[in-house]
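Structure assessment
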Amino acid sequence: WLRAGVALPDAGPRLAAIRAQQARWAALSALEFRAHLRRLRGRLARDGLGGAHRVRALGCVAAVAQRVLGRNPYDSQLRCAEALLDGQLAEMATGEGKTLAAALAAAVAALAGVPVHVMTANDYLAARDAAQLGHLYAALGLRTGVVLGVTSPDERRAAYACDLTYATAREIAFDHLRDRAHLTAQGTALQRCAARLAGDAPPPLLLRGLCMAIVDEADSLLVDEATMPLVLAETQDDPGHRAACFQALVLARRLVPGEHVHLDAERLSIGWTDAGTERLEAMADGLGGAWLNRRHRQDLVGAALVALHGLVRDRHYLVREARVELLDAVTGRAAPGRVWARGLQTLVELKEGCPVTPPTRTSAQTSYQRFFLRYLRLSGISGTLAECRPELQAVYGLRTVAVPLRCPSQRVLHAPTVFATAQARAEAVPARVQALLAAGRPVLVGVDSVAEAQRLSELLQAAGIEHQVLDAQHDADEAAIVAMAGQAGAVTVATRMAGRGTDIELGAGVAARGGLHVLCCQDNPSARLDRQLIGRAARQGDPGSAEVWHALDASIWQSAGASVGLLRRRQPEEHGALRVPAALVRMWTRRLQGRHENQGMRQRRRLLEQERTWQTPLDSTQLHA
């Protein structure tokens, strides 16, 4: 749980200089302010973002933020803004004001004439931040645009033409792909020039280049979703595709996992046994056509078996309004537009009785890794960057700095607890929640999936405990649910998304009773994900506490092999917890998470090299637009 990273150098004299400039700008009349601002913008455009001009610009933006927003930036926010302007990644703890820190850096860069893309976690946050901070930018003479999923092409061009644009990385990445496909369709540069001279110019591009990006929750995009293929696809008519998938499901239902195939639920892969191969050949005999090809039938029927037995509703996907929506494995959020490749999407839709999505043909493709590397200036901010610092340096060339806390942390971390099964852990939660509620504490319980959130909700309801559920089925109410999680008597059950980007303010009298308590019932493969949830408690110097409950039947613990069996032999304590020393639990957690983190890093590096070389799809899931 230690905050690791490269500390910022002593910024005392520089902060003093910024504060002095802030005071000077605040003392100017409106007429004087406009004249000085005009001169400052000219000097920034000429000399760049370094040196004394940046100090003056930060002082100017801080003064305007205090006047327009009523918020005087903290020293930590100014230090974070400087790190972002230096093209670095800033680890800034949850609740320390990342949104305003990013806005300070974005405003200074925009004053220098650099088009800035500020990337948020979802459309709601993009619209919220653009609206709340638009007054700050307008007072500086800057125009703010916002791009959402429903934004039309003409509105997108206008938004990207602004000095600053708020959007999700997904929207900007796909607009970049659309521009690339648009240019390819126009032919060579000489052909495009000839078309313009002939008065036959095509519509203008959406973007005006990838100049500077400030990425919020940077670890999520630069690491967790780095290799997610972003595929610009065109629908194509293939009447035989649905029939082949339907036939594959029929055959797959006649096969028995364990006897005919071995299913790896973690990697969603299939291994055929000799009995399974013979059984499939016997069933396919007489079908003719492509079914005569062994590779074809094993691949398609294998995908059907994954759809039937590997992909679980409310864990891997949702069914809403007769549509299959994938769930992001890291955040727990629904991922509209993301589909499985190689027929798997159609197979799941047939399994669930939903209308079949037409098959698509790829017209352009990239990944977040390659997309972000195209920016001239790249920086980001998150509360959890230390664990992946070496990878971020190696892949993106970005240095990670740790921004000091504004106030000393008062978070209390309880000893970790181990249960034999996830079911035993869930059954112990209501008693723990009731004890905390009796002390007047609000409680946030983090779980792994939508299905577990629903199961825990049923247990809490049976115990008579009022609560709110925050999962992918309630994503529209995410901000409102999380904002109330710090009120006295509030109990919130959340999947991994846990309302990142929304403040949890403590209710009246809650701080005196110990603040928010976070109960982590997630078996995360990375310590970063643990810290993301635990960071919801004890923000901004408030009191709070957290504890982690592990379940030995989780996949990460199963990778420990025989050692898990030794832990299971421990005698259970009250409420089903096993008698395992806390030091032993922490040691195994660090070891297993470290192993998974290293495996993930090697896989991402390998896939990046493959993509650079072969430009092939990188994963079994693709994000389509």
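See the structure above.
All of these numbers come straight from a predicted model, not from anything done at the bench. (Residues numbered from 1 in each chain as written. Predicted model: local features only at pLDDT ≥ 70, side-chain atom pairs only at ≥ 80, totals over all residues. Heavy atoms only, no water.)

What about a positive patch on the surface?
On the surface, Arg-34, Arg-38, Arg-39 and Arg-43 cluster together to form a positively charged patch. Along the polypeptide, Arg-43 turns up in helix α2 (residues 30-47). (Patch = residues over 30% accessible without salt bridge, like charges linked within 9 Å, V, L, I, M, F, W, Y side chains within 5 Å. Areas by Shrake-Rupley, 256 points an atom, 1.4 Å probe, with all protein chains shown as cover. Salt bridge = Lys/Arg side-chain N within 4 Å of Asp/Glu carboxyl O. Lys, Arg positive; Asp, Glu negative; His and termini not counted. Charge placed at Lys NZ, Arg CZ, Asp CG, Glu CD. Helix = DSSP H or I, 4+ residues; strand = E, 2+ residues; numbered from the N terminus.)

Here's the deal with the pattern of salt bridges
Under the definition given, this model contains 26 salt bridges. Across the pair Arg-14 and Glu-82 runs a salt bridge whose closest N-O atoms are separated by 2.6 Å. In this pair, Arg-14 sits in helix α1 (residues 12-26) while Glu-82 sits in helix α4 (residues 75-85), placing the two residues 68 residues apart along the sequence. On the basis of relative accessibility, which here comes to 30%, the residue Arg-14 falls in the partly exposed class. Judged by relative accessible area, which is 10%, Glu-82 ranks as buried. Among the ionic pairs, Asp-219 bridges to Arg-528, the shortest N-O distance being 2.7 Å. Taken together, the residues span a long stretch of sequence, with Asp-219 in helix α10 (residues 218-224) and Arg-528 in helix α20 (residues 527-534) at a distance of 309 residues. There is no split in this pair, since Asp-219 and Arg-528 are both buried. Shared partners join several salt bridges into a network, and the residues in it are Arg-156, Arg-170, Glu-171, Asp-175 and Arg-178. (Buried < 20%, exposed > 50% of the residue type's maximum accessible area, 1.4 Å probe, protein only.)

Some thoughts on unusual backbone geometry
The phi angle at Asp-314 is positive, at roughly 70 degrees, despite the residue not being glycine. Along the chain, the position of Asp-314 falls in the loop between α13 (294-310) and β10 (317-320). The class for Asp-314 is buried, based on a relative accessible area of 15%. For Gln-540, which is not glycine, the phi dihedral falls at a positive 55 degrees. With respect to the element layout, Gln-540 can be found in the loop between α20 and β22 (543-551). A relative accessible area of 33% places Gln-540 in the partly exposed class.

Some points on the packing of helix α11 (residues 239-252) against helix α14 (residues 344-352)
Here α11 crosses α14 at 65 degrees, and the two axes come no closer than 9 Å. Handedness of the α11/α14 crossing: right-handed. Where α11 approaches α14, its residues His-241, Arg-242, Cys-245, Phe-246, Ala-248 and Leu-249 are matched on the opposing element by Thr-346, Leu-347, Leu-350 and Lys-351. (Axes fitted to C-alpha atoms, helices over the stretch in contact; angles between N-to-C directions. Left-handed = near helix turned anticlockwise from the far one by under 90°. Contact = heavy atoms within 4.5 Å.)

Observations concerning the environment of Val-482
By secondary structure assignment, the location of Val-482 is in helix α19 (residues 478-483). Through-space distance from the C-alpha of Val-482 to that of Gln-468 is 9.2 Å; in sequence the pair is 14 residues apart.

Describing the packing of aromatic side chains
For the structure on display, the rule yields 7 aromatic pairs. Ring plane angle 75 degrees and centroid distance 5.4 Å describe the contact between Trp-25 and Phe-33, whose orientation is recorded as edge-to-face. What makes Trp-25 buried here is its relative accessible area of 4%. For Phe-33, a relative accessible area of 9% puts it in the buried group. Consider the rings of Phe-371 and Phe-372, whose centres lie 5.3 Å apart with planes at 55 degrees: the pair is tilted. Between the NZ or CZ atom of Arg-67 and the centre of the ring of Phe-33, over which it lies, the distance is 5.8 Å. Positioned over the ring face of Trp-588 is Arg-591, at 5.0 Å from the centre of the ring. (Phe/Tyr/Trp six-rings, centres within 6.5 Å; stacked < 30°, edge-to-face > 60°. Lys NZ or Arg CZ within 6 Å of the ring centre and 35° of its normal.)

Any functional reading would require information that these geometric values do not contain.
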